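Take a look at the letters that make up each chain.
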Amino acid sequence: MYKEDLISNLDEWLLELKYEEKADNTLKQYKTSVMKFIDWLPDDGKAITKDTTLEYKQYLRNITESPKTMNIWIVSINKYLKWLGLNELTIKKVKMQQQSSNEESLTLADFKRLLRISKRMGYEQLYYIFKVLAMTGCRIGELEYFTVENIEKTPRKNIKVFNKGKDREIIVRQDLSRELKHYYKSKGIEQGYIFLSNDPNCKGKMPNKSTIHRQMKKVAGAARIRTEKVHPHNFRHLFAQVFLNEYPENVLDLADLLGHNDLKTTRIYTKTSGEQKRIKLEKVKF
């Protein structure tokens, strides 16, 4: 197998993955990772060997300190090599030490403070976005399913979403459902998305994710909460922690609520900070 073969077969592989209904972001990640490998290969006309892929692994070690990022690149390349029938050229992922704490996790106190400050600053829409992310465990990309039509059916029916190549349902509690209905009715929103862009050129469209990120950071700063802690995905972690605090034995239910097929993925969301562990330990009676 030569560099030219990797280039000529790439589009066919990606097309096959597309027909397997892989998510667009996944396809983009695979293409970027493989192209990174192809661009690194020298134009010397030599066949690719196991030594070549091992050298590339060392190259990745030199350009990044993140084992997680390295493994994303390695997994993508391995999938492509296996598809080409070159299993012998695949390389092992980098071992990552399992950490028991997440020092950047949000607490309920952080969440409540963010709600207060967002309202005080006039970010009413962000206030409800905070609530939806924390009280449903949904991803920021799933906010598009929070439409008037879908919310009107809740809480009797769940919101059906399609994300990361699979279908799942988001459960909206009664209190959240009532709040969201009151919100969009007060704004005169009668159909479509309940979270809308303020840009006059984007009328009827969702706010850009980057806009939501910027607003979150601004509110975090005003709330005197480390901005690194305040990002959409961390509210998903908060949802998991609050759920397990109430139902510590129901990891399977949590996995279903988060849309996970693998409990190893769910475990990532159960990590608490060292301070949270200390508070729990203080309450233990000896």
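Whatever comes next refers back to the structure up there.
Note on numbering: residues in each chain are counted from 1, in written sequence order. The predicted nature of this model means local features are confined to residues of pLDDT at least 70 and side-chain atom pairs, given and counted, to a pLDDT of 80 or more, with totals for whole chains, interfaces and linings taken over all residues. Note that the side-chain values use all heavy atoms of the structure and ignore hydrogens as well as water.

**Some remarks on helix α11 (residues 251-258)**
Logical step 1: In this scheme, a residue with accessible area under 20% of its type's maximum is buried, one over 50% is exposed, and one in between is partly exposed, where area comes from a 1.4 Å probe on protein chains only. Helix numbering and strand numbering both begin at the N terminus, where a helix is a DSSP run of H or I of at least 4 residues and a strand a DSSP run of E of at least 2. Among the residues of α11, L254, A255 and L258 are the ones counted as buried. Considered in projection along α11, the buried side chains sweep an arc of 105° and stay on one side of the axis. Facing away from the buried surface of α11 by more than 90 degrees, the exposed residues are L252 and D256.
Logical step 2: Positive backbone phi, at 80°, marks G259, one or two positions downstream of α11. What the arc measures is the spread of directions leading from the helix axis to the C-beta atoms.

**Let's talk about the packing of helix α3 (residues 50-63) against helix α4 (residues 67-83)**
Logical step 1: To obtain an axis, a line is fitted to C-alpha atoms, over the contacting stretch when the element is a helix, and the angle between two such axes runs from 0 to 180 degrees between their N-to-C directions. Here α3 crosses α4 at 160°, and the two axes come no closer than 10 Å. When the axis of α3 is compared with that of α4, the two are roughly antiparallel. For the pair α3 and α4, the crossing hand works out as right-handed. Each of T53, Y56, K57, L60, R61 and I63 in α3 lies in contact with α4, whose residues at this interface are M70, W73, I74, I77 and L81.
Logical step 2: Classification convention: Asp, Glu, Lys, Arg as charged; Ala, Val, Leu, Ile, Met, Phe, Trp, Tyr, Cys, Pro as nonpolar; all other residues, Gly among them, as polar. Looking at the contact of α3 with α4, its residues break down into 8 nonpolar, 1 polar and 2 charged. We call two directions roughly parallel when the angle between them is under 35 degrees, roughly antiparallel when it is over 145, roughly perpendicular when it lies between 65 and 115, and oblique otherwise. Each crossing is labelled by how the near helix is turned from the far one, with a counterclockwise turn of less than a right angle marking it left-handed and a clockwise turn marking it right-handed. Pairs of residues are marked as contacts when any of their non-hydrogen atoms sit within 4.5 Å.

**Structural notes on the environment of L54**
Logical step 1: On the secondary structure map, L54 appears in helix α3.
Logical step 2: Residues L54 and G188 lie 134 residues apart in sequence; the distance between their C-alpha atoms is 60 Å.

**Overview of the pattern of salt bridges**
Logical step 1: The salt bridge criterion pairs a side-chain nitrogen of Lys or Arg with a carboxyl oxygen of Asp or Glu, the two atoms within 4 Å. Enumeration over the complete set of coordinates arrives at 7 salt bridges.
Logical step 2: Of the charged contacts in the structure, one is a salt bridge between R139 and E142, with a shortest N-O distance of 3.1 Å.
Logical step 3: A salt bridge links R173 to D175; the nearest nitrogen and oxygen atoms lie 2.8 Å apart.
Logical step 4: Through salt bridges with shared partners, a single ionic network connects R139, E142 and R168.

**Here we look at the packing of helix α2 (residues 24-40) against α4**
Logical step 1: It is the contact of α2 with α4, at a shortest axis distance of 8 Å, that shows an interaxial angle of 85°. With respect to α4, the axis of α2 lies roughly perpendicular. Judged by residue contacts, Q29, Y30, S33, V34, K36 and F37 of α2 engage I72, W73, S76, I77, K79 and Y80 from α4.
Logical step 2: Grouping the constituent residues of the contact of α2 with α4 by class yields 7 nonpolar, 3 polar and 2 charged.

**A few points about unusual backbone geometry**
Excluding glycine, a negative phi dihedral is what most residues carry, and trans is how most peptide bonds are arranged.
Logical step 1: That bond from T154 to P155 is cis: its omega, 0°, falls within 30 degrees of zero.
Logical step 2: Inspection of the secondary structure puts P155 in the loop between α7 (148-153) and β1 (159-163).
Logical step 3: Phi is positive for E21, which is not a glycine, with a value near 65°.
Logical step 4: A positive phi angle, near 60°, is found at R224, a position not held by glycine.
Logical step 5: Looking at where R224 falls in the secondary structure, it is placed in the loop between α9 (209-222) and α10 (232-246).

**Details of the packing of aromatic side chains**
Logical step 1: Two aromatic rings, drawn from Phe, Tyr or Trp (for Trp, its six-membered ring), form a pair once their centres lie within 6.5 Å of each other, and the interplanar angle then sorts them: stacked below 30 degrees, edge-to-face above 60, tilted otherwise. Evaluation of the coordinates by the stated rule reveals 14 aromatic pairs.
Logical step 2: Where W13 meets Y80, the ring centres are 4.8 Å apart and the plane angle is 35°; that geometry is what we call tilted. With a gap of 67 residues between them, W13 in helix α1 (residues 3-19) and Y80 in helix α4 connect regions that are remote in the sequence. As far as burial versus exposure is concerned, W13 and Y80 are alike and both buried.
Logical step 3: Between the aromatic rings of Y80 and W83, the centroid separation amounts to 6.2 Å while the plane-to-plane angle is 15°, which identifies the pairing as stacked.

**Some points on the environment of P67**
Logical step 1: Tracing the sequence through the fold places P67 in helix α4.
Logical step 2: Between the C-alpha atom of P67 and that of K93, which follows or precedes it by 26 residues, the distance is 8.6 Å.

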